[in-house]
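Commentary on secondary and tertiary structure
Chain residues, written in single-letter form:
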Amino acid sequence: MDVHRGMRGVTPQQLLEAHRADLIIQGEEGVDFKQAWADPTSGMVFCLSQAPSADAVNKIHARAGHPADEVYELTVKV
């Protein structure tokens, strides 16, 4: 799960475009972006993905033009 801050006012269309930019190149780092959520009021965006590492997620987001502020590697699932 990763977090982007500072995206205040993001529209559904802008979120979709950013997500699509990730999807186009995600395979180059073995990442599979699943879903993105946004709160335009706070400017927070959350992305769920499966990836070999946090670094792989960071690389894709950075190359797509919207680097993540934080990436959390979640290893416990129920």
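All of the points below concern the structure found in this document. (Residues numbered from 1 in each chain as written. Predicted model: local features only at pLDDT ≥ 70, side-chain atom pairs only at ≥ 80, totals over all residues. Heavy atoms only, no water.)

1. Quick notes on the pairing of strand E3 (residues 44–50)
Consecutive side chains of a regular strand alternate in pointing toward one face of the sheet and then the other. To keep things clear, this is the line we draw: Strand pairing requires that DSSP identify at least two bridges connecting the strands. In this text, helices come from DSSP runs of H or I with a minimum length of four residues, and strands from runs of E with a minimum of two, each type numbered from the N-terminal end.
Bridge count between strand E1 (residues 2–4) and E3: three bridges; the pairing is antiparallel. For His4, the partnering residue across the bridge sits in E3 and is Val45. Sheet topology places strand E2 (residues 32–39) next to E3; seven bridges connect them, and they run antiparallel. Paired with Asp39 across the two strands is Met44, which belongs to E3. Hairpin remark: E2 followed by E3, antiparallel, with four residues in the connecting loop; positive phi at Gly43, about 85°.

2. What to know about the sheet that holds E1
With antiparallel pairing, the four strands of this open sheet are ordered in space as E2-E3-E1-E4. Lying at the two open borders of the sheet, with one neighbouring strand each, are E2 and strand E4 (70–71). Pairing of E1 with E4, which is carried by two bridges, proceeds in the antiparallel orientation. Of the residues in E4, the one forming a bridge with Val3 is Glu70.

3. A word on the pattern of salt bridges
Pairing is possible between side chains that carry opposite charge, provided their charged atoms lie close to one another. Inclusion rule: Salt-bridge detection follows one rule: a side-chain nitrogen of Lys or Arg within 4 Å of a carboxyl oxygen of Asp or Glu. Relative accessibility thresholds used throughout: buried, under 20% of the residue-type maximum; exposed, over 50%; partly exposed, between the two (1.4 Å probe, protein chains only).
Throughout the structure, instances matching the rule amount to four salt bridges. Of the charged contacts, one joins Arg5 and Glu70 as a salt bridge, the two residues approaching to 2.3 Å between their closest N and O atoms. With a gap of 65 residues between them, Arg5 in the loop between E1 and helix H1 (12–25) and Glu70 in strand E4 connect regions that are remote in the sequence. Lys34 is paired through a salt bridge with Asp32; the nearest N and O atoms lie 2.7 Å apart. For Asp32, a relative accessible area of 30% corresponds to the partly exposed category.

Everything listed here is a matter of coordinates, which is why it stays silent on function.
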